Amino acid sequence: MASFPSHFAWGVATASYQIEGAVNEDGRGESIWDRFCRVPGAIANGATGDIACDHYHRWRDDLRLLSELGVNAYRFSVAWPRILPEGTGTVNSAGLDFYDRLVDALLEADITPWVTLYHWDLPQALEDRGGWPNRATAEAFAAYADLVARRLGDRVRHWITLNEPSCSSLLGYFWGIHAPGRRSLRDALRAAHTLLLGHGLAVAALRASVSAAQIGIAQLVIPAYPASDRSADLAAAHRFDGVHNRWFLDPIFGRDYPGDMRAWYRHDVPLVPPSDFDRIAAPLDFLGVNHYFPVYVADDPTEPLLRLRQVVPPGAELTALGWIVQPAAFFDVLLRLQREYAPAALVVTENGAAYADPPPQAGRVSDPARVRYLAQYLAEAARAVATGLPLRGYFVWTLMDNFEWNLGYSKRFGLYYTDYPTQARIPKDSSFYYQAVVRTGRVLSPEEWQPPRG
Ligand code: IFM
């Protein structure tokens, strides 16, 4: 049985827009997701985050779930439009009060808060001024980070600046399937740069007001394997890696944007002052890794911009999102990050899976596929620890089923089942499994582990 060090951070993760609801309460401003959800056809079944899991009102109950799980860490995000409804300027103190209470209650329950400053809910007012492609948004983000740090920094030591800047820029500004729904490579690359610059400026702001801060960024890492050993496929896989991973990781670790991708993107790469790269590379205490699946990539001359396509190997096991289940790829990611970037520490800030869970029966949900997924991925995390990688924590995505962005409520990732009409949270077997792992600090094989009765 694989084991973890005793000081390991065991947690679950959530994000403001995905769970809070209460979008018009207590002075919260509009976010790009509020606006995007109103675009016909943008979100599955026309869903919105207006109510989501109603966590804004039910957070005390949700904290009880954390205690039930026995986790010692909880990663949540602060909604920028609750704090600064216009993105800059007037502060909405009711917004800060909400997170203030949440932090106090977590500490009382002996759960360490890990605060993400940006998990995709940009104030719409900033999008109206150009959004992330506008360089001024980096300064606005740093000012917001400073504000939150001054309010919570006496109690919160663990900070994550951005969640998955690759998604904010590529899905939001290039493919247009996430808010704000724009489709321009040039804008996406500008957005990526402003996000990274904002990250660097926010790190400086956090260091200035939080003593002994532990600061990181949560990067989505998607390992890309070639679909065949043809050299064109090898190059396509490397290109996918450049688009999704290296473009966002290299500058964080003191490098320029990768040269092969600069050459590929050519005139779409923004011209920026070289000093930006010094700011972006502000030293971090850990690299947050969000990992879910690998991809297999083939060269595709018919695809105009990136000249590649993903293929699914025959017989591959898939989650409800069609994501390939390949636990060994998780170990590869952790090993590679350590070898190529040597971060001070690694923390898995998200890992988990969506499955078509059956409806609850007798107050329980049976989700053997998720139990298996977690067991296999946790075993790889344990292998990373045993190999000597500085892995310091692991957060399951996610506490309870919630608003899965453009997929609305159609996909369930939670350890708890959210019954949206009643807002009941119903434990899935995976919640009991994770509880057992957290309690013992060991990865139990699904075969030897039985869900508790009744
Ligand atoms: O739900 C998302 C989360 O907001 C960011 N990382 C991936 C998760 C699953 O898609």
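Predicted model only: the values in this text are computed from it and were never measured. (Residues numbered from 1 in each chain as written. Predicted model: local features only at pLDDT ≥ 70, side-chain atom pairs only at ≥ 80, totals over all residues. Heavy atoms only, no water.)

J.: So what exactly am I meant to see when it comes to the overall build of the chain here?
T.: When its secondary structure is counted, the chain shows 15 helices and 13 strands. The C-alpha atoms of the chain give 21 Å as radius of gyration, which agrees with the globular expectation for 454 residues (22 Å, within 12%). A principal-axis box enclosing the C-alpha atoms of the chain has dimensions of 60 × 55 × 45 Å. Taken over 454 residues, the chain has a buried fraction of 61%. For the chain, restricting intrachain contacts to residue pairs at least 6 apart in sequence, the fraction spanning at least 24 positions comes to 76%. (Helix = DSSP H or I, 4+ residues; strand = E, 2+ residues; numbered from the N terminus. Rg over C-alpha atoms; globule rule 2.2 N^0.38 Å. Buried < 20%, exposed > 50% of the residue type's maximum accessible area, 1.4 Å probe, protein only. Contact = heavy atoms within 4.5 Å.)

J.: Is there a simple way to explain unusual backbone geometry in this structure?
T.: Look at the link from A179 to P180: it is a cis peptide, with omega at 5°. Position of P180 relative to the elements: it lies in the loop between α8 (165-174) and α9 (185-209). Of note, the bond from W397 into T398 is cis; its omega dihedral lies within 30 degrees of zero at 20°. Notably, D110 is not glycine yet its phi reads approximately 65°, a positive angle. Position of D110 among the secondary structure elements: in the loop between α5 (93-108) and β3 (112-118). Judged by its relative accessible area of 66%, D110 falls in the exposed class. In this structure, R266 is a non-glycine residue whose phi angle is positive, near 45°. Position of R266 among the secondary structure elements: in the loop between α11 (259-265) and α12 (275-280). On the basis of relative accessible area, R266 is assigned to the exposed category, the value being 57%.

J.: Explanation requested: the packing of aromatic side chains in the structure shown.
T.: Each aromatic ring pair is summarised here by two numbers: the centre-to-centre distance and the angle between the ring planes. Evaluated as defined, the whole model comprises 44 aromatic pairs. Ring plane angle 10° and centroid distance 4.0 Å describe the contact between Y373 and Y377, whose orientation is recorded as stacked. Pair noted here: Y373 and Y377 are both in helix α14 (residues 368-386), with a separation of 4 residues, about one helical turn. Like Y373, the residue Y377 is buried in the burial classification. Of the aromatic side chains, those joined through ring pairs into one cluster are Y17, W33, F36, W120, F403, W405, Y409 and Y420. Geometry around W264 places R239 over its ring, the cationic atom sitting 4.2 Å from the centre. The ring of Y417 carries the charged tip of R412 above its face, separated from the ring centre by 3.8 Å. (Phe/Tyr/Trp six-rings, centres within 6.5 Å; stacked < 30°, edge-to-face > 60°. Lys NZ or Arg CZ within 6 Å of the ring centre and 35° of its normal.)

J.: What am I meant to see in the sheet that holds strand β9 (residues 308-311) here?
T.: As a general point, the strands of a sheet are linked pairwise by backbone hydrogen bonds and lie either parallel or antiparallel. Spatial ordering of the open sheet is given by β6-β8-β9, a layout of 3 strands whose pairing is mixed. The open sheet has two edge strands with one neighbour each: β6 (224-226) and β9. Neighbour to neighbour, the strand axes of the sheet diverge by 45° on average, direction disregarded. The sheet contact formed by β6 and strand β8 (residues 295-299) spans 3 bridges and is parallel. The residue bridging P226 from the neighbouring strand is V297, located in β8. Contacts from helix α10 (residues 231-249) reach β6, β8 and β9, with the element oriented near 125° to β8. (Pairing = 2+ DSSP bridges. Axes fitted to C-alpha atoms, helices over the stretch in contact; angles between N-to-C directions.)

J.: How should I be thinking about the site of the ligand in this particular structure?
T.: With respect to spatial proximity, the complete set of residues near the ligand consists of Q18, H119, W120, N163, E164, Y292, W323, E350, W397, E404, W405 and F413. A distance of 2.7 Å separates an oxygen atom of the ligand from a polar side-chain atom of Q18. When the free accessible area of the ligand is taken as 280 Å², the share hidden by the protein chains comes to 95%. For the shell around the ligand, a count of residues per class yields 6 nonpolar, 3 polar and 3 charged. (Near = heavy atom within 4 Å. Polar contact = N/O pair within 3.5 Å; in protein donor to acceptor, adjacent residues only side chain to side chain. Areas by Shrake-Rupley, 256 points an atom, 1.4 Å probe, with all protein chains shown as cover. Nonpolar A, V, L, I, M, F, W, Y, C, P; charged D, E, K, R; others polar.)

J.: Help me understand the sheet that holds strand β1 (residues 9-13) in this model?
T.: Spatial ordering of the closed barrel is given by β1-β2-β3-β4-β5-β7-β10-β11, a layout of 8 strands whose pairing is parallel. If you compare each strand with its neighbour and ignore which way they point, the axes differ by 25° on average. Looking at chain direction, strand β4 (residues 158-163) and strand β5 (residues 214-220) are connected through 4 bridges and run parallel. Within the sheet, the bridge partner assigned to N163 lies in β5 and is A218. Across the sheet, helix α15 (residues 429-440) lies against β1 and β11 (391-397), angled at about 155° from β1, the strand it touches most.

J.: Would you explain the packing of helix α3 (residues 55-69) against α5 in this entry?
T.: For any two helices packed against each other, one specifies the crossing angle of their axes together with the interaxial distance. Interaxial distance between α3 and α5 falls to 11 Å at its minimum, and their mutual angle equals 15°. Between α3 and α5, the interaxial angle falls into the category roughly parallel. Of the two possible hands of crossing, α3 and α5 adopt the one that is right-handed. Contacts between α3 and α5 involve H55, Y56, W59, L63 and L66 from the first element and A94, F98, R101, L102, A105 and L106 from the second. Partitioning the contact of α3 with α5 into residue classes produces 9 nonpolar, 1 polar and 1 charged. (Parallel < 35°, antiparallel > 145°, perpendicular 65-115°, else oblique. Left-handed = near helix turned anticlockwise from the far one by under 90°.)

J.: Mind showing me how you'd approach the pattern of salt bridges here?
T.: Where charged atoms from two side chains of opposite charge approach closely, those side chains can pair. With the rule as written, the count across this model stands at 36 salt bridges. Among the ionic pairs, R58 bridges to D54, the shortest N-O distance being 2.9 Å. Several salt bridges share partner residues, and in doing so they unite D97, D100, D104, R151, D154 and R155 into one network. (Salt bridge = Lys/Arg side-chain N within 4 Å of Asp/Glu carboxyl O.)

Scope: geometric values only; no functional claims are made or implied.
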